[in-house]
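Understanding the architecture of this molecule
Residue-level listing of the chains:
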There are 2 protein chains.
Amino acid sequence: MQNSFTEENYLKIIHALSGRDGVEVSTNALAESTSTRAASVTDMLRKLAEKGLIHYKKYQGVTLTESGEKVAIKVIRKHRLWEVFLVEKLGFGWDEVHDIAEELEHIPSEVLVEKLDAFLGHPKFDPHGDPIPDAKGNLTEPDYLILTDVQVSEKVLMMGVLDHAPSFLQHLDRSGITLGAVIEVKEINEYDKSASVQINGGPTLFISLEVSKNLLVQRR
Amino acid sequence: MQNSFTEENYLKIIHALSGRDGVEVSTNALAESTSTRAASVTDMLRKLAEKGLIHYKKYQGVTLTESGEKVAIKVIRKHRLWEVFLVEKLGFGWDEVHDIAEELEHIPSEVLVEKLDAFLGHPKFDPHGDPIPDAKGNLTEPDYLILTDVQVSEKVLMMGVLDHAPSFLQHLDRSGITLGAVIEVKEINEYDKSASVQINGGPTLFISLEVSKNLLVQRR
DNA sequence: ATATATTTTTAGGTTAGTCTAAATTTTTTA
DNA sequence: TAAAAAATTTAGACTAACCTAAAAATATAT
C-alpha cells in the first residue's frame, strides 16, 4: 500500500537521526524534527509500527525496519534528484532548493524518478555534496572528514556541507567556498579554533569553528 | 492565505466545467468530477464561498469569483507547464503525463513556475494542444473547430484533443494522428458519420464519429 | 535507594475532508 | 398545478494528523 506524505517524512527523519549505525531515535527528537508534539509522534509511531515500517517498543525509541529503510531511501533519492534538477536545470541557488524539494520528494511514480535520473545524467551527488542513492536503493555515504580534523598546511577538497541552512550556504557563497574548491588550512587559532584558509590558491580568509564544523572535505 | 490541494482541485474543476462563458456548475457535476459525494461537495462549496473564491447560493450552482478564477488559472498553468516538461524533457508519451501533472500542479512556489516556464522556452501549448496561461494569468482559448465541422475535401491542421484519456491518445498514436499533422477529409459516411481521412498526404484511414468529435483542428 | 526530574504515553479533543441517511428544495411530468 | 422525481443540503459520523493535560515509565541525583 501507499504511504502518506506525513509517513514518508517521519521515515526520512528517522533515517537521518538514526545515522549510519541505525541507533534508536527518541520520541522527543522526532517531535523536534517534525515540529510537532511528543504525543503526536507517539500516535504516528504506533501507526508506522503497525505497518511494519519501524521497530518500536514503548519508551525504547525507534529504528527503521528493512522495509521502512527502503521507503526512506526512496524519498531521499527523490529529494536529492529534484535538488539537482532545480540547481542544474532551473538555475536555483543551492541555498534555495531545500523547501521545494521537500514537496517534490513526495510525488509518486517510480518511472518519473527513473526518467528524471536519466535526464540529469545519473548524478552521484546533490548540490550540497550529499550522495544520491541509486535505483536499487544503494546509498553509500562517502567518508569525508570535517574540516576541523584537517591539520595546518594540509590541502583538501571541499566536498559537502553538514548544515543545509540557507544562511550558512549564502555565507559560503560570499566566501567563495563552493563544492570542489581547494582549501588549504594556513593557520588555526588556538584561542577560538577559528582558521585561516586559502581558497583555490587565491584569497585567504578566516572561518569560525562553527563554519569549519559544517564543511565536509576530502584529502587529495 | 494558502489554498489546500483539495481546494485547488475544486477550483480547477469548476473552471473546466464552467466553460468560457462561466456558466453555473452543479453540485452533482462536481461530485462526479471529484469522485466524491454531493454532500461532500456542498461542504466544500460553503468553505470556498466563505473564502471568497466562488459565487454560491444554495441550490443555484456555483461560478468562480475573480479571485477563484485566478487561483484556477495558476493551477492550470502549472499543470500544463509540467506536462510540457514531462513530454519534452523526460520523454513521456502524451498519454502518460496527466496523473503525474495532477500532483505536480499543486507544488507551491511562484518562482519555481517561472523558472520552469523559462527553462521550457515559454511554451504556448501543452502536449495536448491546450493553451498555457501566461504568468499574468491571461488564458486565451484559441477557437479551433472540431473535426466534425470540417467539410469533405478540406485540409486542416491537427491542433489538439478534447478527450485526454490515455486510451484515446494511444489510439491516435497508432493512427499516426499527432499534433501538427495535416488532415484531409476525403469522405464522410452518411450512415454513421464516420470519416475517411488522409494524414500528412500519406495513408488514408477511417475514423469514427467518436474520434472526430474529440479532434480540434484549424483551417490553414 | 529513594526522591526528583525528564521522557513518553494515554485520554480526550480539534480540523479537514470525506461518508450515509434523512430532510428539503427545485424541477419535471402528467 | 399538484404529484413524483431529481438534485441539493443538513445532520451526524468517520479517519488522519494534530493538539493539551494528566498519568505512567524511565533516568538522574542525592
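Overview of the structure. (Residues numbered from 1 in each chain as written. Chains lettered and ligands numbered in written order. Predicted model: local features only at pLDDT ≥ 70, side-chain atom pairs only at ≥ 80, totals over all residues. Heavy atoms only, no water.)

1. Quick look at the packing of aromatic side chains
One pair of aromatic rings is described through two measures. These are the centre distance and the angle between the planes. As enumerated under the stated definition, the model contains seven aromatic pairs over all chains in all. Measuring from ring centre to ring centre gives 4.9 Å for A:Phe85 and B:Phe85, while their planes differ by 55°; the resulting arrangement is tilted. In this pair, A:Phe85 is assigned in helix H4 (residues 66-89) and B:Phe85 in helix H4 (residues 66-89), connecting two distinct chains. Classification of A:Phe85 as buried rests on a relative accessible area of 0%. Here A:Phe119 and B:Phe119 contribute two aromatic rings whose centre-to-centre distance is 6.4 Å and whose plane-to-plane angle is 65°, an arrangement assigned as edge-to-face. Of this pair, A:Phe119 sits in helix H6 (residues 110-119) while B:Phe119 sits in helix H6 (residues 110-119), placing the two residues on different chains. Under the relative-accessibility criterion, A:Phe119 is labelled partly exposed at 22%. Positioned above the aromatic ring of B:Phe119, the side-chain terminus of B:Lys89 is 4.6 Å from the ring centre. Sitting over the ring of A:Phe92, B:Lys115 keeps its end group 5.0 Å from the ring centre. (Phe/Tyr/Trp six-rings, centres within 6.5 Å; stacked < 30°, edge-to-face > 60°. Helix = DSSP H or I, 4+ residues; strand = E, 2+ residues; numbered from the N terminus. Buried < 20%, exposed > 50% of the residue type's maximum accessible area, 1.4 Å probe, protein only. Lys NZ or Arg CZ within 6 Å of the ring centre and 35° of its normal.)

2. Some points on the relation of the copies chain A and chain B
Overlaying chain A with chain B gives an RMSD of 0.1 Å, the required rotation being 180° about an axis along which the chain moves by 0.0 Å. Such a combination of rotation and displacement between the chain copies is what one expects of a two-fold axis. Proximity to the rotation axis, assessed at the C-alpha, singles out A:Leu104 in chain A; its C-alpha lies 3.8 Å from the axis. Most of the interface of chain A is mirrored in chain B: 100% of its interface residues are interface residues there too. (Least-squares fit on C-alpha atoms with pLDDT ≥ 70 in both. Contact = heavy atoms within 4.5 Å.)

3. Structural notes on empty space enclosed by the protein
Residue and element names in this part refer to chain A. For the coordinates displayed, the defined rule picks out one cavity of 30 Å³ or more. Quantified by volume, the largest cavity comes out at close to 40 Å³. Along its surface, the largest cavity is lined by Lys78, Leu81, Trp82, Ile107, Leu112, Val113 and Leu116. At the level of elements, H4 and H6 are the ones that each hand at least two residues to the lining of the largest cavity. Across the lining of the largest cavity, the residue classes tally to six nonpolar, no polar and one charged. (1 Å grid on protein atoms, 1.4 Å probe; cavity = no way out; pocket = protein on both sides within 12 Å on 5 of 7 lines; lining within 4 Å. Points joined across faces, edges and corners; volume = space filled by probe spheres on them. Nonpolar A, V, L, I, M, F, W, Y, C, P; charged D, E, K, R; others polar.)

4. Some points on the side chain of B:Gln198
All names here are of chain B. Following the sequence through the fold, glutamine 198 ends up in strand E6 (residues 195-199). A polar atom in the side chain of glutamine 198 sits 3.3 Å from the side chain of lysine 186. A polar side-chain atom of glutamine 198 sits 3.3 Å from the main-chain carbonyl oxygen of glycine 201. Apart from residues no more than four positions distant in its own chain, glutamine 198 is found in contact with Val182, Ile183, Glu184, Lys186, Pro203 and Thr204. (Polar contact = N/O pair within 3.5 Å; in protein donor to acceptor, adjacent residues only side chain to side chain.)

5. A look at the environment of A:Val217
Turning to its location among the elements, A:Val217 is positioned in strand E8 (residues 215-219). Among all residues touching A:Val217, those that are not within four sequence positions of it are A:Tyr144, A:Leu145, A:Ile146, A:Leu147, A:Val150, A:Val156, A:Leu157, A:Met158, A:Met159 and A:Ile183.

6. What to know about the packing of helix H1 (residues 5-18) of chain B against helix H2 (residues 27-34) of chain B
Residues and elements named next belong to chain B. In contact at an axis separation of 10 Å, H1 and H2 are set at 120° when each is read in the N-to-C sense. By the angle class used here, H1 and H2 are oblique. Between H1 and H2 lies a crossing whose hand is right-handed. Within the contact between the two elements, H1 uses Tyr10, Ile13, Ile14 and Leu17 and H2 uses Ala29, Leu30, Ser33 and Thr34. A per-class count over the contact of H1 with H2 returns six nonpolar, two polar and no charged. (Axes fitted to C-alpha atoms, helices over the stretch in contact; angles between N-to-C directions. Parallel < 35°, antiparallel > 145°, perpendicular 65-115°, else oblique. Left-handed = near helix turned anticlockwise from the far one by under 90°.)

7. Examining the protein's contact with DNA strand C
Taken together, 20 residues sit near DNA strand C, with A:Tyr56, A:Lys58, B:Ser4, B:Ser40 and B:Lys47 positioned nearest. When atoms of DNA strand C within 4 Å of the protein are sorted by moiety, sugar and phosphate together comprise 76%. Here a phosphate oxygen of DNA strand C and a side-chain polar atom of A:Thr27 are 3.0 Å apart. Every element with two or more residues in the surface near DNA strand C is listed here: helix H2 (27-34) and helix H3 (38-50) of chain A together with H1 and helix H3 (38-50) of chain B. Counting residues per element, the surface near DNA strand C draws most heavily on H3(B), at five residues. Of the residues assigned to the surface near DNA strand C, the class counts are eight nonpolar, eight polar and four charged. (Near = heavy atom within 4 Å.)

8. As for H6(B)
Listing the buried residues of H6(B) in full gives B:Leu112, B:Val113, B:Leu116 and B:Asp117. Down the axis of H6(B), the buried set is contained in an arc of 130°. They therefore lie on one face. Turning to H6(B), the residues buried within the fold contact H4 and helix H5 (98-104) of chain A together with H4 of chain B. Residue B:Gly121 follows H6(B) closely and has a positive phi angle near 80°. (Arc of directions from axis to C-beta.)

9. Some words on H4(B)
Residues and elements named next belong to chain B. The terminal C-alpha atoms of H4, which comprises 24 residues, lie 34 Å apart, in line with the 34 Å expected from a rise of 1.5 Å per residue. The element H4 is extensively covered by neighbouring structure, given that 17 of its 24 residues are classed as buried. A positive backbone phi angle near 80° is found at glycine 91, which sits one or two residues after H4. (Expected span 1.5 Å × (residues − 1).)

10. Considerations on the pairing of strand E7 (residues 204-207) of chain A
Consecutive residues of a regular strand have side chains that alternate between opposite faces of the sheet. Residues and elements named next belong to chain A. What you see with E7 is a clean split: Leu205 and Ile207 sit on the buried side and Thr204 and Phe206 on the side with no burial. Relative to E7, strand E6 (residues 195-199) runs antiparallel, the two being bridged by four bridges. Bridging from a neighbouring strand, glutamine 198 pairs with threonine 204 of E7. (Pairing = 2+ DSSP bridges.)

No statement about biological role is implied by the geometric values presented.
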